[in-house]
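Below are the chains, spelled out letter by letter.
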Amino acid sequence: VNILLMELDSLKSSEIETLVGAEIRAEAARHRLPLAFLAAKAGVSRQTFSRKINGQMSFRLKEVNGVANYFGLTASELIARAEHALAASTKEGEEQ
């Protein structure tokens, strides 16, 4: 049972990371900012940033914080948006 819970937590974590990337992409689009600019705010290369927002690599908290602060958000707020999106998609899946 504990192994199953750990796997579910891991799956949820990877989904949240992907959704954090989606939130960052959405904010970038709203502000019409190139990803290279946000990569600099995160303190990583454009290629690394691209991998992170596409869910191929995990974000570090300081990277999310650097980007979130530029948008006038905290890292917690950005992550909460991703968690909300995950909860909404999970609820939709249960209703179908």
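Computed from a prediction, not measured in an experiment: that's the story for all the values here.

**Student:** So, the overall build of the protein chain: which residues are in play, and what are the values?
**Tutor:** Within the protein chain one finds 5 helices and 0 strands. Written out in order from the N terminus, the α and β elements of the protein chain read α-α-α-α-α. Across the 96 residues in the protein chain, those meeting the buried criterion constitute 29%. Of the roughly 6,400 Å² of accessible surface on the protein chain, 52% is carried by carbon and sulfur atoms.

**Student:** Please provide a residue-by-residue account of the environment of H31, values included.
**Tutor:** Structurally, H31 can be placed in helix α1 (residues 2–31). Separated by 40 residues in sequence, H31 and F71 have C-alpha atoms that sit 8.7 Å apart.

The rules behind the values
- Residues numbered from 1 in each chain as written.
- Predicted model: local features only at pLDDT ≥ 70, side-chain atom pairs only at ≥ 80, totals over all residues.
- Heavy atoms only, no water.
- Helix = DSSP H or I, 4+ residues; strand = E, 2+ residues; numbered from the N terminus.
- Buried < 20%, exposed > 50% of the residue type's maximum accessible area, 1.4 Å probe, protein only.
- Areas by Shrake-Rupley, 256 points an atom, 1.4 Å probe, with all protein chains shown as cover.

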